[in-house]
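Results of the structural survey
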Amino acid sequence: MKKTWWKESVVYQIYPRSYADSNGDGIGDINGITSKLDYLKLLGIDVIWLSPVYKSPNDDNGYDISDYEAIMDEFGTMEDFDRMLSEAHARGIKIVMDLVVNHTSDEHEWFLESRSSKDNPKRDYYFWREGRDGKEPNNWGSWFSGSAWKYDETTDMYYLHLFSPKQPDLNWDNPAVRKEVFDMMTRWCEKGIDGFRMDVISLISKPAGLPDAPLMNELYGDCGCTANGPHVHEYLQEMNEKVLSKFDIMTVGETACVTLEEAKKYANSEGTELNMVFQFEHVGLDGDAEFKWSTRKMPLVPLKENLTKWQKGLDEVAWNSIFFCNHDQPRVVNRLGDPSDEYREVSAKCIATCLHMMQGTPYVYQGEELGMTNYPFQSVKDFNDLESINAYYELTEKMGWKPSEIFPKIANKSRDNARTPMQWDDSPNAGFTTGKPWLAVNPNYKKVNAAEQVARADSVFNYYKKLIELRHKYEIIVYGHYDLQLAEDPELYVYTRELDGKKLLVVCNFSDNEREFMPDEEFRNGEVLIQNYEGSDVFDGILSPYEAYVIYTE
Ligand code: TEU
Ligand code: CA
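Everything in this summary refers to the structure shown in the same document.

1. Side note on the overall build of the protein
Looking only at helices and strands, the protein has 17 helices and 20 strands in total. Relative to its length of 554 residues, the protein is compact, with a C-alpha radius of gyration of 23 Å against a globular reference of 24 Å. Counting only C-alpha atoms and orienting by the principal axes, one finds that the protein spans roughly 75 × 50 × 50 Å. For the protein, the proportion of its 554 residues judged to be buried stands at 63%. For the protein, long-range pairs separated by at least 24 residues make up 71% of all intrachain contacts whose partners lie at least 6 apart in sequence. Of the roughly 20,400 Å² of accessible surface on the protein, 48% is carried by carbon and sulfur atoms.

2. A word on the environment of S51
Looking at the secondary structure, you find S51 in the loop between β2 (47-50) and β3 (54-55). Accessibility expressed as a relative area gives 1% for S51, which makes it buried. A polar contact of 3.0 Å, which involves the side chain of S51, links it to the side chain of Y63.

3. Digging into a negative patch on the surface
The grouping of E514, E516, D537 and D540 at the surface amounts to a negative patch. Examined against the element boundaries, E514 turns out to sit in the loop between β16 (502-509) and β17 (515-516). By relative accessible area, E514 is classed as exposed at 58%.

4. Brief notes about the side chain of S414
Its place among the elements puts S414 in the loop between α13 (403-413) and α14 (416-419). Among the residues examined, S414 registers a relative accessible area of 0% and is labelled buried. Here the side chain of S414 touches D416 through a polar contact of 3.0 Å, landing on its backbone nitrogen. Residue contacts for S414: discarding those within four places in its chain leaves W293, P330, F377, F383 and S388.

5. Quick word on the site of ligand 1
Around ligand 1 sit 18 residues in total, of which D60, D199, K292, D328 and E387 are the nearest. Here an oxygen atom of ligand 1 and a side-chain polar atom of H103 are 2.9 Å apart. Interatomic distance of 2.9 Å between a side-chain N/O atom of H327 and an oxygen atom of ligand 1. Protein burial of ligand 1: of its 480 Å² of free accessible surface, 94% is covered by the chains. Of the residues contributing to the shell around ligand 1, the split by class is six nonpolar, three polar and nine charged.

6. Some remarks on the sheet that holds strand β15 (residues 492-499)
Read across the open sheet, the five strands follow the order β14-β15-β16-β20-β18; overall the sheet is antiparallel. Both edges of this open sheet fall to β14 (481-485) and β18 (527-531), since each of them pairs with a single strand only. The mean inter-strand angle of the sheet, taken between neighbouring strand axes irrespective of direction, is 20 degrees. Across the face of the sheet, helix α9 (residues 300-314) comes into contact with β14 and β15 while running at roughly 155 degrees to β14.

7. Quick look at the coordination of the calcium ion (ligand 2)
Geometrically, a metal with four donors at the corners of a regular tetrahedron has ideal angles of 109.5 degrees, and one with six donors at the corners of a regular octahedron has ideal angles of 90 or 180 degrees. Around the calcium ion (ligand 2), the protein contributes the donor atoms D21 (OD), N23 (OD1), D25 (OD), I27 (O) and D29 (OD), at 2.2 to 2.4 Å from the metal centre. Of note, the donors binding the calcium ion (ligand 2) are all from one chain and are spaced D-x1-N-x1-D-x1-I-x1-D. Residue classification places D21 among the buried positions, given a relative accessible area of 11%.

8. A closer look at the pairing of strand β20 (residues 548-553)
A large share of β20 lies buried, amounting to six of its six residues. Side chains of β20 alternate between two faces, with A548, V550 and Y552 and Y549, I551 and T553 buried alike. Here β16 runs beside β20; their pairing, made up of six bridges, is antiparallel. Bridge pairing in β20 links L504 to Y552. Here four bridges tie β18 to β20, and the two strands are oriented antiparallel to one another. Among the inter-strand pairings, I530 is bridged to a residue of β20, identified as V550.

9. What to know about the sheet that holds strand β12 (residues 321-322)
Reading across the sheet, the eight strands line up as β11-β10-β9-β5-β2-β1-β13-β12 and stay open at both edges, with parallel pairing between neighbours. Each end of this open sheet is capped by a strand with a single partner; those strands are β11 (276-278) and β12. Pairing between strand β10 (residues 250-254) and β11: three bridges, direction parallel. Its bridge partner lying in β11, V252 is registered against M276. Along the sheet face, helix α5 (residues 175-191) touches β5 (94-99) and β9 (195-198) and points at about 140 degrees away from the line of β9.

10. With respect to the pairing of β16
Counting buried positions along β16 yields six of eight residues, so the element is predominantly enclosed. Where β15 hands over to β16, the hairpin turn is made up of two residues, of which D500 adopts a positive phi near 45 degrees.

11. Considering the nonpolar core
Within the largest apolar cluster, 144 residues are counted, with the highest numbers of intra-cluster contacts made by F81, M185 and F196. Each residue touching F81, except ones within four places of it in the same chain, is listed here: I30, L50, V53, I71, M97, W188, K191 and I193. Among the nonpolar cores identified, the runner-up in size contains 17 residues, and W140, Y158, L203 and C225 belong to it.

Thresholds applied
- Residues numbered from 1 in each chain as written.
- Chains lettered and ligands numbered in written order.
- Predicted model: local features only at pLDDT ≥ 70, side-chain atom pairs only at ≥ 80, totals over all residues.
- Heavy atoms only, no water.
- Helix = DSSP H or I, 4+ residues; strand = E, 2+ residues; numbered from the N terminus.
- Rg over C-alpha atoms; globule rule 2.2 N^0.38 Å.
- Buried < 20%, exposed > 50% of the residue type's maximum accessible area, 1.4 Å probe, protein only.
- Contact = heavy atoms within 4.5 Å.
- Areas by Shrake-Rupley, 256 points an atom, 1.4 Å probe, with all protein chains shown as cover.
- Polar contact = N/O pair within 3.5 Å; in protein donor to acceptor, adjacent residues only side chain to side chain.
- Patch = residues over 30% accessible without salt bridge, like charges linked within 9 Å, V, L, I, M, F, W, Y side chains within 5 Å.
- Salt bridge = Lys/Arg side-chain N within 4 Å of Asp/Glu carboxyl O.
- Lys, Arg positive; Asp, Glu negative; His and termini not counted.
- Charge placed at Lys NZ, Arg CZ, Asp CG, Glu CD.
- Near = heavy atom within 4 Å.
- Nonpolar A, V, L, I, M, F, W, Y, C, P; charged D, E, K, R; others polar.
- Pairing = 2+ DSSP bridges.
- Axes fitted to C-alpha atoms, helices over the stretch in contact; angles between N-to-C directions.
- Donors = N, O, S within 2.8 Å, 3.2 Å for Na, K, Ca; no water.
- Core = buried A, V, L, I, M, F, W, Y, C linked by side-chain atoms within 4.5 Å.

Printed below as a string of structure tokens:
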């Protein structure tokens, strides 16, 4: 397997709005991030993935971009950005930018022109269609509820928006659009950034003729019909040839609805498209039958089956990115661990062990390294995220769900759970801001915060730090082949890694039960690399609640 820096890196995702506020307006900003680079250096991460910092009206918190080459006013200036980049580089930390080019903001200059008349030169930068019998051109639904089409009076036509109406989809079939995007990417690379995380890049190639989707349901989005479309690989190969291959950067595609077979193309080891992709099958396992909203826990047997499929399926032929958390996902301690005082820390460490010993590039989402938890939302008024708000009204008003039934499900899975401010210390607003935070701080910040955890040797923070150190030290953690044991056990996740005769055994008890488990003979003389019950005898045959450990043998 070819060795590269991005396979050996650990990535840390920052959602700038919620990270650190430097000027007291309640909104995290670039200077705030710069002030926390030493914290990240201490944690030991190699790369920052920065959620969008570009100019945006913030309908979807920066995922609706009105100028790809300017910084959002609330986040600072281009000078602030340049300083952050050079301060990060001075510490050996790389910065990967979010690239949101499936759509722009409806306030982007291209769209303003496109919408202005049918014969505007930029008309075909987007998808404009006549209505069908006075209604939407087809049956596609938006990922954020309702139709994916919006009627525009200016020219009496509809435009396509797979996300919010303020996020019109770019027409990638138009070579002029591709050139604009590739040129813009080149300018960022020339500035010295270290790569791109590509937002919903699997959706950029729409099926010819935009036909009705057979299994359409307005609540689902339109996975089936616009993901992995007819020209997506061709366009990414073109992007690779014209931009990516010219720079030493890393790329990760956010490939909604990707299958294993498709991922082998997107992230192929020949390097003709992207370095790696995010797949979402495993984080969909705690959804309900009809949609993602639910109060279910993540079921362990299907989780093991799924992650094993990806671990083994991409070995040697492509590369995995491994994650449980990002700005769209609720906090993993609530999904897979136990947020109670008794088990929060030990279960957070168990989850981290399980993920960070796998093959692929791991991603840590801000606050995950502290074991941050979901927010106790009380009403729809507590939400900021348009996805949660739209879903609540659509499900109650149009679909007839009782608020008391649907609210807990939405609260449990809301993206806002990940977006509450970073908990830095036990001062007011968790040290995130001296002003009024744009989204409420989780009330548990006096107990759960970075200052306390950095100082305490057995904290979740120091456990993540150790996991990252181990990955940097042991090639087997990066490159070793994975094998699952005890596939049917509903509580234990046990797997091995193997590389050139060396072996790792990873044991995680995902339950609050005591369990019997004895490592195989071959590990008896091995070295315990890490464990979340410090000093416990891993060969006593007993696993405590949420106990996790890793044994190495050569
Ligand atoms: O997310 C798109 C995506 O794949 C959805 O599944 C997403 O998880 C959504 O939250 C559904 O629950 C990306 C970004 O990560 C997200 O923040 C943006 O809102 C979206 O694209 C549109 O740009
Ligand atoms: Ca600010």
